[in-house]
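Chain by chain, the residues run as shown.
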Amino acid sequence: MTTPRKPLHFNAFVMNTNSHINHGQWRRPDAQQTEFNDVNTWIELARLLEDARFDAMFFADVSGLYGDSDADYEVYVRHGLQIPSNDPTVLLGALAVVTENIGLALTSNVMQNHPFNFARQVSTLDHISNGRIAWNVVTGMQDNGARNYGLPKLTDHTERYRWAEEYVEVTYKLWEGSWDEGALLKDKENGFYSDPSKVHKIYHEGERYRVEGPHLPSPSPQRTPLLFQAGSSGSGLAFAARNAEAVFIISPTPDAARVQIAETRRLAVEAGRNAEDIKFFPGLSFIIGDTEEEAQEKAREYDRYVSVEGFLAHSAMVDSEGRVYDPETPIKDVDTNTTKGFLEWAALAIPDREPTLGDLVRQRANVNRIVGTPEQIADELERWQDAGVDGINVINWVIPGSFAEFADKVLPVLRERGLAQKDYAPGTLREKLFGEPRLNERHPAAAYRGAFTTGPTTWDEADEQRRADAQEEAQTTRV
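**Details of the overall build of the chain**
At step 1: A count of helical and extended segments in the chain gives 16 helices and 13 strands.
At step 2: Computed over its C-alpha atoms, the radius of gyration of the chain comes to 24 Å, within 12% of the 23 Å expected for a compact globule of 479 residues.
At step 3: In terms of principal-axis extent, the alpha carbons of the chain reach across some 75 × 50 × 45 Å.
At step 4: For the chain, buried positions account for 52% of its 479 residues.
At step 5: The contacts in the chain between residues at least 6 apart in sequence include a share of 76% that link residues at least 24 apart.
At step 6: For the chain, the exposed area adds up to about 21700 Å²; of that, 49% sits on carbon and sulfur atoms.
At step 7: Of the charged side chains in the chain, 50 are positive and 74 negative; the average position of the first set lies 2 Å away from that of the second.

As structure tokens, then:
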């Protein structure tokens, strides 16, 4: 007897901009992402996705332009390539009040907002949405973004993750430790809105932040939002293993995904968590036809709109002066480390001549897309599930059409196979995905629950406590 399959989770991977991932598709007559400034574009999409029982809307974001900060940025503006773009944090407030069950995930860079203010914003959104907020923790990847926040350039990669560790530590202290359970009373008869003995300052002092607290919002339904992370480097995997509940991966094949998933789960166990404490979501796009021939014809139509220049700009394939390379440039003439890993792959695909950057982009544009009938797509998603993935971040070609077609044609087949949920589970986003309303005790944030009950009451006491802790740690190390 065949073992029943578990439902996959499905997120709509979007961005509050014109051209997010599949560059050039905004020019299609049926593409409505050009109207991203209109809140109704997103309200209508959110309702469509919720009716289809998508688990979440996952909003990407950036804090600056791609490419060299000192180079001309005409290509980005001309293509609407993530400029203009709007703040997803603000948009989620609007979507929270027109939906009831779908999760709402925002991307926020650790350098773009002070952790005290960010923690307050997220708690507010979690209250408004009744516990449906997720945070995709990122460390930034644009020099221009770093300059927008007063830095001379993007901080070193490893250092950015050290920065992120302190950033999340501050937010964990505020979300999990500043307010004890039962602190909020609303006691009109005795005149106590909250219990002062259960609301605590955190007195955090680290390399980058000094935060007194207390957290201004009372505990939201999840306290800490569901935590996403998308790094694939060594530092990124280690950070995800310690902190993430869900990891967004970009992998060319199920087998490659299997390797990354296994490594991250291994690191999670080393960090004191369970392997199953993290769910994995590859990003995939879909071209759907009632027949295979129809799907392939639609794929050729989408390929007509592919912007090679847009993909090159997004990949930051620029020359020594910061200009985006001409698409006809032979790969062997490209002086950047970002393309070397794809050279052999492109050469195999074009065996009879020297491959160009345009060839490389066209090959990359076909990666992570599945073309076929709903049944063929379901077969392929079974392969991904067998590789260990827990869900899919569905990447659109056009909004709302890509999601509407997936909902109408693919999800019914997936539900027949047990691969998609038929209805939402009750509760918060974390309850829907993990069956628990709060972070489990194995997560590092849980260590701050009750940590400030008998803590210091002034900065002087906090400093004295830190010195004592440091001396005790040093003594332990010597022993």
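**Re the nonpolar core**
At step 1: Membership of the largest hydrophobic core comes to 84 residues, with the highest contact counts inside it found for Phe 10 and Phe 54.
At step 2: In this structure, Val 62, Tyr 76, Phe 281 and Leu 433 belong to the second largest nonpolar core, which totals 21 residues.

**Examining the pattern of salt bridges**
At step 1: In this structure the tally under the stated criterion is 34 salt bridges.
At step 2: Here Arg 5 ties to Glu 382 by a salt bridge, and the two come within 3.7 Å at their closest N and O atoms. Here Glu 382 lies in helix 13 (residues 374-386) and Arg 5 lies in the segment before strand 1 (9-15), a separation of 377 residues in the sequence.
At step 3: Here the salt bridges share partners, and the residues they tie into one network are Arg 5, Asp 379, Glu 382, Asp 386 and Arg 417.

**Re helix 13**
At step 1: If you check helix 13, its first and last C-alpha atoms are 18 Å apart, about what 13 residues at 1.5 Å a residue would give, namely 18 Å.
At step 2: Within helix 13, burial applies to Pro 374, Ile 377, Ala 378, Leu 381, Trp 384 and Gln 385. In an axial view of helix 13, the angular spread of the buried residues amounts to 110°, which keeps them on one side of the axis.
At step 3: Among the structural elements, strand 1, helix 8 (254-270), strand 11 (279-288), strand 12 (369-372), strand 13 (391-395) and helix 14 (401-416) are those in contact with the buried residues of helix 13.
At step 4: Just beyond helix 13, the residue with positive phi is Gly 388, at close to 110°.

**Some words on the pairing of strand 10 (residues 246-249)**
At step 1: With burial as the criterion, each face of strand 10 is covered, one bearing Ala 246 and Phe 248 and the other bearing Val 247 and Ile 249.
At step 2: In this structure, strand 9 (residues 226-229) lies alongside strand 10, joined through 2 bridges in parallel fashion. Looking across to strand 10, one finds that Gln 229 is bridged to Val 247.
At step 3: A crossover links strand 9 with its parallel partner strand 10, the connecting element being helix 7 (residues 234-243), and its sense is right-handed.
At step 4: Both strand 10 and strand 11 contribute to a ladder of 4 bridges, which runs parallel. For Val 247, the partnering residue across the bridge sits in strand 11 and is Phe 280.

**Points about the side chain of Asn 396**
At step 1: In this structure, Asn 396 sits in the loop between strand 13 and helix 14.
At step 2: A relative accessible area of 9% places Asn 396 in the buried class.
At step 3: Looking at Asn 396, its side chain comes within polar contact range of the main-chain oxygen of Phe 13, at 3.5 Å.
At step 4: If near-sequence neighbours (up to four positions away) are discounted, Asn 396 is found in contact with Phe 13, Val 14, Asn 22, Gln 33, Ser 402 and Phe 403.

**Section: the confidence of the model for the chain**
At step 1: Here the chain shows a mean pLDDT of 91. Residues at 70 or above account for 92%.
At step 2: Low pLDDT, under 50, characterises residues 337-345; the predicted model gives this stretch 14 contacts beyond four residues in sequence or across chains.

**Examining the packing of aromatic side chains**
At step 1: Counted according to the given criterion, the structure contains 19 aromatic pairs.
At step 2: Arranged with centres 5.3 Å apart and planes meeting at 70°, the rings of Phe 13 and Phe 58 form a pair that is edge-to-face. Of this pair, Phe 13 sits in strand 1 while Phe 58 sits in strand 2 (residues 56-60), and the two are 45 residues apart along the sequence.
At step 3: The class for Phe 13 is buried, based on a relative accessible area of 6%.
At step 4: With 6.0 Å between their ring centres and 80° between their planes, Trp 135 and Trp 175 make a pair best called edge-to-face. You can see Trp 135 sitting in strand 4 (residues 133-138) and its partner Trp 175 sitting in helix 6 (residues 157-177), a full 40 residues away along the chain.
At step 5: On the basis of relative accessibility, which here comes to 0%, the residue Trp 135 falls in the buried class.
At step 6: By the ring-pair criterion, three or more aromatic residues cluster together here, those being Phe 10, Phe 54, Phe 286, Phe 403 and Phe 406.
At step 7: A cation over a ring is seen here: Arg 28 above Tyr 302, with NZ or CZ 4.3 Å from the ring centre.
At step 8: Over the face of the ring belonging to Phe 434 we find Lys 279, whose NZ or CZ atom lies 5.0 Å from the ring centre.

What counts and what doesn't
- Residues numbered from 1 in each chain as written.
- Predicted model: local features only at pLDDT ≥ 70, side-chain atom pairs only at ≥ 80, totals over all residues.
- Heavy atoms only, no water.
- Helix = DSSP H or I, 4+ residues; strand = E, 2+ residues; numbered from the N terminus.
- Rg over C-alpha atoms; globule rule 2.2 N^0.38 Å.
- Buried < 20%, exposed > 50% of the residue type's maximum accessible area, 1.4 Å probe, protein only.
- Contact = heavy atoms within 4.5 Å.
- Areas by Shrake-Rupley, 256 points an atom, 1.4 Å probe, with all protein chains shown as cover.
- Lys, Arg positive; Asp, Glu negative; His and termini not counted.
- Charge placed at Lys NZ, Arg CZ, Asp CG, Glu CD.
- Core = buried A, V, L, I, M, F, W, Y, C linked by side-chain atoms within 4.5 Å.
- Salt bridge = Lys/Arg side-chain N within 4 Å of Asp/Glu carboxyl O.
- Expected span 1.5 Å × (residues − 1).
- Arc of directions from axis to C-beta.
- Pairing = 2+ DSSP bridges.
- Right-handed = clockwise from strand over helix to strand, strands pointing away.
- Polar contact = N/O pair within 3.5 Å; in protein donor to acceptor, adjacent residues only side chain to side chain.
- pLDDT = per-residue confidence, 0-100.
- Phe/Tyr/Trp six-rings, centres within 6.5 Å; stacked < 30°, edge-to-face > 60°.
- Lys NZ or Arg CZ within 6 Å of the ring centre and 35° of its normal.

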